[in-house]
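# Remarks on the overall topology
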Amino acid sequence: MIRTLLAISLVTGFASSYALDVKLTPDKDFIEVIHQNRLIKIQRIQDQDHTLSGGFAKTSRKCPPFCIQPMVASDGVRTVGQLEVFEFMEKELLDETGVIVDARTPAWWKRGTIPGSINIPFTVFSLDVDDPELIDLMYKLGAKRRGDVSGITRTIEGLGLMGGSRKNDEWDFTNAKSVVIWCNGMWCGQSPRAISGLLELGYPADKILYYRGGMQAWQSLGLTVVVPEE
Amino acid sequence: MRKGCRLCVFNILISTCAASSWAQSNADYLESISSEAKSLVIDTETRSISETTAQKTVVQSASSNEGEIQTGAIMELVPGLSVDEFEILLKNNYMGSYLFYRGLDDNGRQETYDYYLQNPDPAKLRQKILQIKKQ
């Protein structure tokens, strides 16, 4: 129901003039996403004299560990910016073929997150492959834990048959969703660690998008942040 | 001690030190991000926009039925679900926990459900299921 409302809103909301001075793009005032079953409008702060305050106005943190991250997190993983994230929210997130992952630890998540995100801390990806928490969260990404797989099956899959290119001994990534992974921004190593963890589990690199700007870039553009419910 | 054996012991020592150093650096990293998060304050202007326009539709406690769980209107482990609703919600949203839960005998499942009624928290429930499974 809420998705239908959102789809209608996406059509009518952009057509009608909202007359914002500070838009997302020349032809887009806002977008709406579902966050914890609430419809959230993402727009920018309209006060053109506003300057950022709070934790994300800070310029310097000790390095290491808060060092500047490379533009590319890993081979085959695409780095994206805000416009690609908006597009992802309107397409993959809406039709449930994609997930946006806030890879920060819960202490960060609780203080505010990008609407539409779910929290999967990077530490989860280093759990044992049989840990139910890892299985729960991988399931949310569309990956399934495999049972015992016979040697013959793996041999056939190794030849690229039976969808073998998207499977390994532990996981079936046939229905893996596209995932945008982000953390605090260009000085934060949490999402790169999450990406490494996912790749080690065998998650297809072409399904992973790295939003390097993260919360720092999101905040500096005055974009809407939500504080998750307890 | 033979030369080959000494080399073997040396390799084990090096590996142990490397693993311990890796674990230490990981712990240091977690400590650093945790202390940085404690002092974090979000710019209030960005926070307030959504909260005034948000249309709240979530059902906080389950006075509801299986339909809302099936359609995804309820995705969190809300309090007060019936056994059937609890199992459907677990299956739809916590597959790992569900797989372990499914492997329990009737008593184990009942104990899990009773525990959920007192503690509707996914992390605690997960630990409880593992604990029952090990018994």
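Calculation criteria
In this convention, every chain numbers its residues from 1, walking through the sequence in written order. Following the order in which they are written, the chains are lettered starting with A and the ligands numbered starting with 1. Reporting in this predicted model follows two pLDDT cut-offs: at least 70 for local features of residues, and 80 or more for side-chain atom pairs to be given and counted; totals over whole chains, interfaces and linings ignore these cut-offs and use all residues. Hydrogens and water are ignored here; the side-chain numbers use all heavy atoms of the structure. Numbering goes from the N terminus for both helices and strands, where a helix is a DSSP run of H or I of at least four residues and a strand is a run of E of at least two. Per-residue accessibility, obtained with a 1.4 Å probe over protein chains only, is compared with the maximum for each type, and a residue is labelled buried under 20%, exposed over 50%, and partly exposed between these values. Any two residues whose heavy atoms approach within 4.5 Å are treated as being in contact. Between Lys or Arg on one side and Asp or Glu on the other, a salt bridge is scored when a side-chain nitrogen of the former is within 4 Å of a carboxyl oxygen of the latter. Working convention: axes come from line fits to C-alpha atoms, limited for helices to the stretch in contact. Angles between N-to-C directions cover 0 to 180 degrees. Here the angle decides the label: under 35 degrees means roughly parallel, over 145 means roughly antiparallel, 65 to 115 means roughly perpendicular, and every other value means oblique. Charged residues are taken to be Asp, Glu, Lys and Arg, nonpolar residues to be Ala, Val, Leu, Ile, Met, Phe, Trp, Tyr, Cys and Pro, and polar residues to be all remaining types, Gly included. A pair of aromatic rings is counted whenever rings of Phe, Tyr or Trp (Trp by its six-membered ring) have centres within 6.5 Å, and the orientation is called stacked for planes under 30 degrees apart, edge-to-face for over 60 and tilted otherwise. Counted as over-ring charges are cases with an Arg CZ or a Lys NZ within 6 Å of the ring centre that also lie within 35 degrees of the ring normal. By convention in this document, the label disulfide applies to cysteine sulfur atom pairs within 2.5 Å. Should DSSP find at least two bridges between two strands, the strands are regarded as paired.

## Observations regarding the overall build of chain B
What chain B contains, in helices and strands, is seven helices and one strand. From first element to last, N terminus to C terminus, chain B shows the α and β order α-α-β-α-α-α-α-α. The buried share of chain B, taken over its 135 residues, is 32%. Pairs at least 24 residues apart make up 37% of the contacts formed inside chain B by residues separated by at least 6 positions.

## Regarding the pattern of salt bridges
The tally for this structure, following the rule as stated, stands at eleven salt bridges over all chains. The closest approach of N and O atoms between R61(A) and E36(B), which form a salt bridge, is 2.5 Å. Taken together, the residues R61(A) in the loop between β2 (38-42) and β3 (78-80) and E36(B) in helix α1 (residues 3-38) connect one chain to another. In this pair, the class of R61(A) matches that of E36(B), namely buried. Close ionic contact of R145(A) with D130(A) constitutes a salt bridge, the shortest N to O distance being 2.7 Å. With R145(A) in strand β6 (residues 144-145) and D130(A) in the loop between β5 (117-119) and α4 (132-140), this residue pair connects regions lying 15 residues apart in the sequence.

## Considerations on unusual backbone geometry
Residue and element names in this part refer to chain A. A cis amide bond, omega -10 degrees, links C63 with the succeeding residue P64. Residue placement: P64 occurs in the loop between β2 and β3. Put simply, P64 and P65 share a cis peptide bond, and its omega is 10 degrees. Following the sequence through the fold, P65 ends up in the loop between β2 and β3.

## Structural notes on the packing of α4(A) against helix α5 (residues 95-102) of chain B
Here α4(A) crosses α5(B) at 130 degrees, and the two axes come no closer than 6 Å. In terms of orientation, α4(A) and α5(B) fall into the oblique class. Counting all contacts with α4(A), which are made through P132(A), I135(A), D136(A) and Y139(A), the residues of α5(B) involved are M95(B), G96(B), S97(B), L99(B) and F100(B). For the contact of α4(A) with α5(B), the class distribution of residues is six nonpolar, two polar and one charged.

## Some thoughts on the packing of aromatic side chains
Within this structure, the stated rule accounts for eleven aromatic pairs over all chains. Judged by centre distance (6.4 Å) and plane angle (75 degrees), the rings of Y211(A) and W218(A) are edge-to-face. Per residue, the accessibility class of Y211(A) equals that of W218(A), and both read buried. Three or more aromatic residues joined by ring pairs form one cluster here, namely F86(B), Y98(B), Y101(B), Y113(B) and Y116(B). Just above the ring of W171(A) sits the side chain of R145(A); from NZ or CZ to the centre is 5.8 Å.

## Some details on the state of the cysteines
All names here are of chain A. What the rule picks out here adds up to one disulfide over all chains. Each sulfur of the disulfide joining C63 and C67 lies 2.0 Å from the other. Because the sign of the S-S torsion sets the handedness, a value of about 100 degrees for the bond joining C63 and C67 places this disulfide among the right-handed ones. Taking the relative accessible area as the measure of exposure, C63 reaches 47% and is therefore partly exposed.

## A look at the sheet that holds β3(A)
All names here are of chain A. The sheet built from five strands is open, its strands ordered β3-β9-β8-β4-β5 with parallel pairing. Strands with a single pairing partner mark the edges of an open sheet, and in this sheet they are β3 and β5. The sheet shows a mean angle of 35 degrees between the axes of neighbouring strands, direction not considered. Sheet topology places β3 next to strand β9 (residues 208-211); three bridges connect them, and they run parallel.

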